Amino acid sequence: MNRQVAGWIVALAVLVALPFVHRDPYHLHLLVLILIWSFAYTSWSIMGRFGLVSLGHGGFMGIGAYVTALLWNHLGVSPWIGIPLSMVTAGVLALIVAYPCFRFRITGHYFVLVTLALSGIVLQVITATRDYTGGSLGYTPHRAQSGKGLYALQFDDKTTWYLIALAVWLVGLLIWRWIDRSMSRHAMEAISEDEDAAAAAGVNVTVEKLKITLISALMTALAGALYCQYQMFISPDTVSGIAVSLQMVFAVIVGGVYVALGPTVGAVITILLAEILRIGFGTRAVGWDNLVYGLLLVLFIIFLPKGILGSVIDWIKAPPKMSRGHEQETIKAARR
Amino acid sequence: MLAVEGLVKRFGGFRAVNNVSFRVEQGEILGLIGPNGSGKSTIFNMLSGTLPPTAGSILFDGHQIAGLAPHRIINRGIGRTFQIPRPFRRLSIFENVVLAGFYGQGRHSRARAEEAAERSLGMVGLPTDRNAGVDGLGAAGLKKLELAKALATGPKLLLADESLGGLDEKEMDQAADMLRKIRDELGITIIWVEHIMGVLMRVVDRVMVLDHGEKIAEGLPADVAGDRRVIEVYLGTDADASLAAAAAAQARRRIEA
């Protein structure tokens, strides 16, 4: 067994054992949030790494959360069925919006604008149908009767949620890796550089982009549904809308969009930042996190486009003090 | 093998290609020449599906392919290169060609794609090293990569677009010989678009000349080279006068020396 696999197994064992050793509920709560958002950010990065920058993912997340909760409250549908239905809804919406975009070559900034509208529309629909969704006041899934927790996917125990979130996060990473090793990644890299040349190599450009978009949307809806089941309270601002979409872009770019664990690093940073502001400044700091996100986003795009993790990995592979040119200079000097 | 009938492409009021018909027989190399803007690349773009024709029919192996999407046309067996090489710089040389082999052969098998990539890279004379990057290639290397990508899709008909622009004379000759080798060894039929008449005339079996979107001549290289309209197109209507002027200038230089 090689060292990398062994390292992963040890890390995983530590993560699984953690809630049984360290039982602090506040820390576990933070970890669950980090894992759920990491999964959401990973979902976004599956598209984002190929230059398909979507600001519509807040919409998919909102659909995941609200469809699951509405089906439970109004029709008594168990989340075990409600979550897949919410994912299908998000998937269908993603295809409806993305197909015309890809078919008619709406790329770059124009694609961003179309997806931005999608986020806005989902937010408006949730707010406008307040008789069903509670509007901007938020929405709470009905508590299940005792003993029906599993059926309702409601658990009071933080450890259970931690393990669920850990499993889903891990599945997200495996999907990322599966795509990374598939020919689809090569096709998407080619498409992101030159659509005509990719088509001339035989790639069905529209279908490849739709596949990636669909996977990303389905995963994001699942993240929304999990967030809803865990928090037992959702509001349009926390699970949908442009702010959530921007938060995804920010976190992924800060963490690193081209590496598997980049979005996870981004989630750790964004959630700790929000918590520090909340605890340190309380209600005086409401909205500050968005200001900090905005500033950092600009700085990262200019100075560290590969994100924190991406840059660290580059640095380990080729430390800046001994760059290749430098090495050759040293070798030449040694020969003299 | 290929039968093009009444092909038209209009961009707004401009007719880039006007009622062009021609045939390509199995195993031949057809040269397609003409000045800038004569419609050569537009015809290529329609044959490969990059542009849909305004009117006309394109029969390939007896099937209508006019207006099909590019990936479908490639899977039917028409490969193409671009006038300006368009490599995927985020992939290695090998990955570039494997991509074409994977999607272009229509079977979506990785093993077959890698096989095709090894074969195509060997054919054009590029290294099959898995990690060599595209950035190490010069103009000639990029043209070879372009050709290897097209070959990896397993074409029956290869559309080679101005493959010699930017090469020196020796490289040009090598590239021309390469096309000949591809036809002779792999049995691939070729349509070759080129600005530079000299090299092309040496290699092709037949040549077709375009001007302002219309076919003005077609036939054996020797016949076409002597065609009055072709000379006019390439040298201008005052061809005789300019030749005379050139001769006079040369004579004057000799006297001065």
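Refer to the structure printed above.
Attention in this report is confined to the structure presented alongside it. (Residues numbered from 1 in each chain as written. Chains lettered and ligands numbered in written order. Predicted model: local features only at pLDDT ≥ 70, side-chain atom pairs only at ≥ 80, totals over all residues.)

Concerning the packing of helix α14 (residues 262-281) of chain A against helix α15 (residues 288-303) of chain A
All names here are of chain A.
Logical step 1: Between α14 and α15, the least distance of the axes is 9 Å, while the angle of their chain directions is 140°. Taken together, α14 and α15 sit at an angle that is classed as oblique. Handedness of the α14/α15 crossing: right-handed. The segment α14 lies against α15, with L273, A274, L277 and F281 engaging W288, D289 and V292.
Logical step 2: Of the residues that constitute the contact of α14 with α15, the class distribution is 6 nonpolar, no polar and 1 charged. (Axes fitted to C-alpha atoms, helices over the stretch in contact; angles between N-to-C directions. Helix = DSSP H or I, 4+ residues; strand = E, 2+ residues; numbered from the N terminus. Parallel < 35°, antiparallel > 145°, perpendicular 65-115°, else oblique. Left-handed = near helix turned anticlockwise from the far one by under 90°. Contact = placed C-beta atoms within 7 Å. Nonpolar A, V, L, I, M, F, W, Y, C, P; charged D, E, K, R; others polar.)

Side note on the environment of G104 of chain B
Logical step 1: The residue G104 of chain B is located in helix α3 (residues 93-104) in this model.
Logical step 2: Look past the residues within four positions of G104 of chain B in its chain and what remains in contact with it is A201 and G202 of chain A together with I74, G79, A152, T153 and G154 of chain B.

Quick word on the interface of chain A and chain B
Logical step 1: Contacts between chain A and chain B engage 15 residues on the former and 22 residues on the latter.
Logical step 2: Secondary-structure elements contributing two or more residues to the side of chain A that touches chain B are α9 (183-193) and α10 (195-200) of chain A.
Logical step 3: Among the residues forming the side of chain A that touches chain B, the class breakdown is 8 nonpolar, 3 polar and 4 charged.

Overview of the packing of helix α2 (residues 25-48) of chain A against helix α11 (residues 205-231) of chain A
Residues and elements named next belong to chain A.
Logical step 1: Running from amino to carboxyl end, α2 crosses α11 at an angle of 165°, the nearest separation of the two axes being 8 Å. Classed by the angle they form, the pair α2 and α11 counts as roughly antiparallel. Helix-helix and strand crossings are classified by hand; for α2 and α11 the assignment is left-handed. Note on element contacts: α11 touches α2 through I212, T213, I215, S216, M219, T220, A223, L226, Y227 and Y230, opposite V32, I36, F39, A40, S43, W44, I46 and M47.

By themselves these figures say nothing about function.
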